[in-house]
Amino acid sequence: MAAAAAGGAGTAAALWTEVNRSGQNGDFGRALKSLNKLLQINKDDVTALHCKVVCLIQNGSFKEALSVIHTHTKVLTSDSITFEKAYCEYRLNRIENALKTIQSASQQTDKLKELHGQVLYRLERYDECLAVYRDLIRNSQDDYEEERKTNLSAVVAAQSTWEKVEPEDLGLQEATYELCYNAACALIGQGRLNEAMENLQKAEDLCRQSLSEDSDVTEEDIEAELAIIHGQMAYIMQLQGRTEDALQLYNQIIKLKPTDVGLIAVIANNIITINKDQNVFDSKKKVKLTNADGVEHKLSKKQLQAIEFNKALLAMYTNQADQCRKLSASLQSQNPEHLLPVLIQAAQLCREKQHAKAIELLQDFAEQSPANSAQIKLTMAQLKIAQGSVTKACIILRSIEELKHKPGMVSALVTMYGHEEDIDSAIEVFTQAIQWYQEYQPKSPVHLSLIREAANFKLKYGRKKEAISDLEELWKQNPKDIHTLAQLISAYSLVDPEKAKVLSKHLPSSDTMSLKVDVDALENSPGATYVRKKGGKLTGENQQKEQGQGDVKKKKRKKKGKLPKNYDPKVTPDPERWLPMRERSYYRGRKKGKKKDQIGKGTQGATTAGTSELDASKTASSPPTSPRPGSSTATSSAATSNMIPPRHQKPAGAAATKKKQQQKKKKGGKGGW
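Residues numbered from 1 in each chain as written. Predicted model: local features only at pLDDT ≥ 70, side-chain atom pairs only at ≥ 80, totals over all residues. Heavy atoms only, no water.

The name given to the chain in an unreviewed UniProt entry is Signal recognition particle subunit SRP72, and the organism recorded there is Chelonoidis abingdonii. Quoted verbatim from the Sequence similarities (unreviewed entry) field of the UniProt record, the comment on the chain reads "Belongs to the SRP72 family." (UniProt positions renumbered as here; feature names shortened; annotations may be inferred.)

What follows is the structure in structure tokens.
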């Protein structure tokens, strides 16, 4: 037995040597084989079990590593294996479990703190995450300081983008392209787009420079690494309204087929937002890219939410009403306080011409969510205006307490009431707004501006008596305002002429108001133009010049008027020759029966009995034809009873021509004689 034990010890030593060598070479699969042999010798070997968990993690077998930890909980104590357990849970996207595991550790080591920061970032708890990284940077000295600063800048960028928090200056030098990229993201969150674009261009240059130094890195690898920077550039272009440039850059990135599913999903979503209700077939293709596996673990909650909203909108634009309702209802259940799902449902109802249901839906949501009532009521008012119910829209707008005194709202209400010719309600809107500013912001620029607009509105609609108080208030604020004083005097002239006279004394004298203009200088200025007066008498040299010019001009000969060809100078012309025939004194009207038998009295093409002798068809040599209307006096009554209307008659020559053509065809036909 002693010999066997010695042999087992020697085998274990050799296996541990193999494990050490394989670990140093990065061959963790071979190391696992040696560890399994060691565990066959001693299944409760704590070191062997710990090493096995590490090898499985290095090979990406996180589930198997976690299974080993759970199987040997008695041997592997929580303190010895806490980091590995939390890391496996983090990589398996069990973020909440990872946080609990980290918090259960009795001692927080540096590597646990690093993992803690990553977990908090994934949970979007940015304030706590920022505190963790600050503590790490302050209290650690190793080769990973640059990575920690990069993570710290990423947290600041996330705060700026998603929480709209103005980032503090941490004094981070933008020495790497990752730091430049994160700084650009923070600037985008603040709306400083031009500065952000400059940072992204700098990040692109640094990225190319750092990667080109490695001979093993190809141009395709560099473009793949730059994809995320180019994607952010395209996003800035889209925000700036340069949609064509943004779309071109987005499509270039998709053609590269990057491995980051999160990046592809974001770009596909942004393309859908550019397409809107156009190019829906392309949008349907892009939607599939947002459904890739693992997208939900790569993007923030707000990014995922935006993608789902756009899916619902696309379903609405493609007339998939049921799908749109299903998606929007799901979004509303997930985000009960969010406004957008309800607006999508209302928009879908409006597309189906169900405006009453849409307004009812919005009204119910406004009652359930008072925080969003203002936006909901604005939408309801818009729907009422679309239906032509302007007065009802005004009532809804006036019910928004936090907005009804705002200049924009006052302007909209006054315009709408003016359109409806409800001047009293418009004046009431002005009065309420002025009273609010009188109480909370007296003599502010907005307050005085509203008083001015109210006075002008009242004067415009002839309410001078009501405008007096507003004009007096304005004149008190600025006694030198002559325009307001003139308006006040004009208003008082209809109500109290004596008061108008008293106020008119405050007007400046005519001497002070006269313009001091040098007339000669004005006439001689380049801008002045000389206009010659008509009808003026010419004197002196000018008169002689005009006479000289008159001598040069030839006198025009008067042309004789043309006379008619049958003009007889001996006969006096008819004085009424310029009047129409019916208006002349000697006109007696047409005699009846004179043109009874003439052409034009009967149907079109009919002839009289007197002209039958001239008809060539009546000669002996002509072939017999069918009788025509009016061909003889004996059959005139019968002919008129069966007469064909003029528009239905065929010309006499047409039938003969047709017959000739038929005869010609017969001659050339196969069955001819």
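Draft legend 1. Spotlight on the overall build of the chain. Per the secondary structure count, the chain includes 33 helices and zero strands. Relative to its 673 residues, the chain shows a buried fraction of 32%. Sequence separation of 24 or more characterises 46% of the internal contacts of the chain that already satisfy a separation of 6 or more. Counting every atom, the chain has about 45700 Å² of accessible surface; 51% of that belongs to carbon and sulfur. (Helix = DSSP H or I, 4+ residues; strand = E, 2+ residues; numbered from the N terminus. Buried < 20%, exposed > 50% of the residue type's maximum accessible area, 1.4 Å probe, protein only. Contact = heavy atoms within 4.5 Å. Areas by Shrake-Rupley, 256 points an atom, 1.4 Å probe, with all protein chains shown as cover.)

Draft legend 2. Representation of the side chain of Arg 148 within the structure. Checked against the element boundaries, Arg 148 lands in helix H9 (residues 145-162). The exposure class of Arg 148 is buried, given its relative accessible area of 4%. Within the structure, the side chain of Arg 148 is placed 3.3 Å from the side chain of Ser 140, a separation counted as a polar contact. With residues near it in sequence (within four places) discarded, Arg 148 still touches Glu 114, Tyr 133, Leu 136, Ile 137, Ser 140 and Asp 142. (Polar contact = N/O pair within 3.5 Å; in protein donor to acceptor, adjacent residues only side chain to side chain.)

Draft legend 3. Quick look at the packing of helix H8 (residues 126-139) against H9. Orientation of H8 relative to H9, taken along the N-to-C sense of each, is 160°, at an axis distance of 10 Å. Between H8 and H9, the angle falls in the class roughly antiparallel. The hand of the H8/H9 crossing is left-handed. Within the contact between the two elements, H8 uses Tyr 126, Asp 127, Cys 129, Leu 130, Tyr 133, Arg 134, Leu 136 and Ile 137 and H9 uses Arg 148, Lys 149, Asn 151, Leu 152, Val 155, Val 156, Ala 158, Gln 159 and Trp 162. Residues of the contact of H8 with H9, tallied by class, amount to eleven nonpolar, two polar and four charged. (Axes fitted to C-alpha atoms, helices over the stretch in contact; angles between N-to-C directions. Parallel < 35°, antiparallel > 145°, perpendicular 65-115°, else oblique. Left-handed = near helix turned anticlockwise from the far one by under 90°. Nonpolar A, V, L, I, M, F, W, Y, C, P; charged D, E, K, R; others polar.)

Draft legend 4. Main features of H9. The end-to-end C-alpha separation of H9 is 26 Å, in line with the 26 Å expected for 18 residues at 1.5 Å each. Along H9, the residues classified as buried are Arg 148, Thr 150, Leu 152, Ser 153, Ala 154, Val 155, Val 156, Ala 157, Ala 158, Gln 159 and Ser 160. Of the surrounding secondary structure, the elements contacted by the buried residues of H9 are helix H7 (110-122), H8 and helix H10 (177-190). Remark: Lys 164 follows H9 within two positions and exhibits a positive phi of approximately 55°. (Expected span 1.5 Å × (residues − 1).)

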